[in-house]
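Analysis of the macromolecular model
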Amino acid sequence: MVILLKKLPIPISGLMLGLAALGNLVGNFSSLFKIVLGNISALIFILLVLKIVMFPKAIKEGLNNPVITGIMATFPMSMMLLSTYIKPYSSIFAFSLWIFGLILISLLIIYFTKKYMFKFNIKNVFASYFVLYIGIVVGSVTAPAYNLYNIGRFIFWYGFIVYLPLIPLVIYRYSIIKEVPEAVKPIIIIFAAPASLLLAGYISSFTEKNLFIIVFLAIIALIMTLYCLLQMPKLLRLKFYPSYSAYTFPFVISAIAMNMIDNYLVSIGKGISILKYIGNFQILWAIVIVIYVLLGYINYMIREVRLENKIEAKRIRAN
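My aim in this report is to walk through the structure given alongside it, one point at a time. (Residues numbered from 1 in each chain as written. Predicted model: local features only at pLDDT ≥ 70, side-chain atom pairs only at ≥ 80, totals over all residues. Heavy atoms only, no water.)

Secondary structure assignment for the protein yields 14 helices and zero strands. Secondary structure elements in the protein, listed N-terminal to C-terminal, are α-α-α-α-α-α-α-α-α-α-α-α-α-α. The C-alpha radius of gyration of the protein comes to 19 Å, within 12% of the 20 Å expected for a compact globule of 319 residues. For the C-alpha atoms alone, the extent of the protein along its principal axes is close to 75 × 50 × 35 Å. (Helix = DSSP H or I, 4+ residues; strand = E, 2+ residues; numbered from the N terminus. Rg over C-alpha atoms; globule rule 2.2 N^0.38 Å.)

Below is the structure:
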C-alpha cells in the first residue's frame with residue numbers, strides 16, 4: 001500500500017473528477033453505473049488523501065510546478081461533486097465537504113496567482129490555467145443542491161469574467177510560443193472544459209436565463225470541443241502519461257452542458273433536433289474515454305508498483 005501511494009500520480013485527481021462527473025451524467029440512465037463510478041472516484045479521493053498525509057513532500061513539489069498546481073484544482077472540484085453523492089445519506093457531512101472544497105480551490109487560486117501570475121512567464125502558461133481559474137464554477141453546478149443559488153450565481157460571474165481574457169492568453173501560448181513537452185501535451189484537451197462548465201453552472205444556478213448568454217457559451221463550447229476531438233487521434237498515439245486524466249472531465253462536462261442546453265431549449269419550445277444527436281454522441285464518447293483512461297491508469301499503476309518492488313528487492317539483496 002505504501003508503494004502504491006508513493007507512486008500514485010497527483011494528476012489522477014483529474015480522473016477522479018471525470019469519474020464523479022460521468023456518474024452524474026449517466027445517473028438518469030443507470031443508477032448502478034452512477035454508484036460504481038462514484039465509488040471508484042471516492043476510492044481515488046481516499047488514496048490521494050492518504051498520499052497527502054504520508055508523502056506531503058510530493059504535494060509541496062507539485063506546488064512548484066505550474067502544470068501540476070493547476071491540475072491540483074481538480075481535487076477540490078471533485079470534493080464538491082462527490083458531496084452531492086453523499087448528501088442523501090448525510091447532508092451535514094456533504095455540505096461540510098462542499099464548503100471545504102470551495103475554500104480549498106479558492107486558496108489554490110490565491111496561491112497560484114501570487115506565485116505564477118505576479119511573476120508572469122508565458123512559458124508557464126498551459127491549458128491547466130483553465131482548470132485552476134474556471135474550475136471553481138463546479139460550485140455553480142452543485143450550489144443548487146444546497147439551495148445556495150446566490151453563491152452559485154456569484155461564482156459563475158467570477159468564472160465568466162476570468163475566462164474571457166484567459167482564452168487569448170492560452171491560445172497565444174499554444175499557437176505562437178508552442179514548445180510544449182510531450183508529457184503535458186494531453187492537457188490541451190482542457191480547452192473543451194471551461195465554456196461547457198460555465199454553461200452548466202449558468203443553467204443550474206440561474207432561474208431566469210438569458211438566451212444570449214446560453215447561445216454565446218454554447219457556440220464557444222462546441223468550437224472548443226470539436227477542436228479537442230480533432231486532436232484526439234494524434235494524442236492517443238502518445239504513450240500513457242498521468243496527464244491522460246485531462247481527457248476525462250472536459251469531454252464529460254461538454255456532454256453534460258450539451259444535454260442541459262437541449263433540455264432547456266425544449267422546455268421553452270425552441271428545441272433544435274440535432275442537439276439531441278450531438279448530446280448522445282458526446283455521452284457515448286465521454287463514457288468510452290473515461291473507461292479508456294481508467295484502464296490506462298490501472299495498467300500504469302501495476303507497472304509502476306511492480307517496478308518499485310523489483311528495485312526494492314534488489315536493494316534488499318544488495319544489503
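Alright, that's what it looks like, and here's the rest.
This part covers the packing of helix H11 (residues 194-205) against helix H12 (residues 211-235). Following both chains from N to C, one finds H11 and H12 inclined at 150 degrees, their axes separated by 8 Å at the closest point. In this view, H11 runs roughly antiparallel relative to H12, as classed from their interaxial angle. Note that H11 runs across H12; the crossing there is left-handed. Residue-level contacts link Ala-195, Ser-196, Leu-198, Leu-199, Tyr-202 and Ile-203 of H11 to Ile-213, Ile-214, Leu-217, Ala-218, Ile-220, Ala-221 and Thr-225 of H12. Considering only residue class, the contact of H11 with H12 consists of eleven nonpolar, two polar and no charged. (Axes fitted to C-alpha atoms, helices over the stretch in contact; angles between N-to-C directions. Parallel < 35°, antiparallel > 145°, perpendicular 65-115°, else oblique. Left-handed = near helix turned anticlockwise from the far one by under 90°. Contact = heavy atoms within 4.5 Å. Nonpolar A, V, L, I, M, F, W, Y, C, P; charged D, E, K, R; others polar.)

You can see Lys-57 is positioned in helix H4 (residues 56-62). Separated by 219 residues in sequence, Lys-57 and Lys-276 have C-alpha atoms that sit 47 Å apart.

Scanning the entire structure with this criterion turns up 27 aromatic pairs. Ring geometry for Phe-112 against Tyr-133: centres 5.9 Å apart, planes inclined by 80 degrees, an arrangement best described as edge-to-face. Here Phe-112, found in helix H7 (residues 91-117), pairs with Tyr-133, found in helix H8 (residues 128-134); they are 21 residues apart in sequence, far enough to count as distant. Each member of the pair, Phe-112 as well as Tyr-133, is classed as buried. Pairing Tyr-174 with Phe-191 gives two aromatic rings, centres 5.6 Å apart and planes at 75 degrees, and the pair type is edge-to-face. Highlighted residues: Tyr-174 in helix H10 (residues 149-177) and Phe-191 in the loop between H10 and H11, separated in sequence by 17 residues. With respect to burial, Tyr-174 and Phe-191 carry one shared label: buried. (Phe/Tyr/Trp six-rings, centres within 6.5 Å; stacked < 30°, edge-to-face > 60°. Buried < 20%, exposed > 50% of the residue type's maximum accessible area, 1.4 Å probe, protein only.)

The next subject is the side chain of Ser-204. Looking at where Ser-204 falls in the secondary structure, it is placed in helix H11. Only 2.7 Å separates the side chain of Ser-204 from the backbone oxygen of Ala-200, close enough to count as a polar contact. Look past the residues within four positions of Ser-204 in its chain and what remains in contact with it is Ser-140, Val-141, Pro-144, Tyr-149 and Met-260. (Polar contact = N/O pair within 3.5 Å; in protein donor to acceptor, adjacent residues only side chain to side chain.)

Okay, H11 next. Look at H11: 16 Å from first C-alpha to last across twelve residues, which is about the 16 Å you get at 1.5 Å a residue. Extensive coverage of H11 is indicated by the burial of twelve of its twelve residues. All of the buried residues along H11 are Pro-194, Ala-195, Ser-196, Leu-197, Leu-198, Leu-199, Ala-200, Gly-201, Tyr-202, Ile-203, Ser-204 and Ser-205. Against helix H6 (74-86), H8, helix H9 (138-142), H10, H12 and helix H13 (249-267) lie the buried residues of H11. (Expected span 1.5 Å × (residues − 1).)

Tracing the backbone shows Gln-282 in helix H14 (residues 273-318). Residue classification places Gln-282 among the buried positions, given a relative accessible area of 7%.

Let us now look at the pattern of salt bridges. Under the counting rule described, the total for this entry stands at three salt bridges. Taking the shortest distance from any N to any O, the salt bridge between Lys-123 and Glu-179 comes out at 3.4 Å. Of the two residues, Lys-123 is situated in the loop between H7 and H8 and Glu-179 in the loop between H10 and H11; the sequence distance between them amounts to 56 residues. The residue Asp-262 makes a salt bridge to Lys-276 at a minimum N-O spacing of 3.1 Å. With Asp-262 in helix H13 and Lys-276 in helix H14, this pair connects stretches of sequence that are 14 residues apart. Overall, Lys-276 belongs to the partly exposed group, its relative accessible area being 36%. (Salt bridge = Lys/Arg side-chain N within 4 Å of Asp/Glu carboxyl O.)

What follows deals with helix H2 (residues 12-26). Counted at 1.5 Å a residue, the expected span for H2 with its 15 residues is 21 Å, and the 21 Å between its end C-alpha atoms agrees. When you tally the buried positions in H2, you get 14 out of 15 residues, the bulk of the element.

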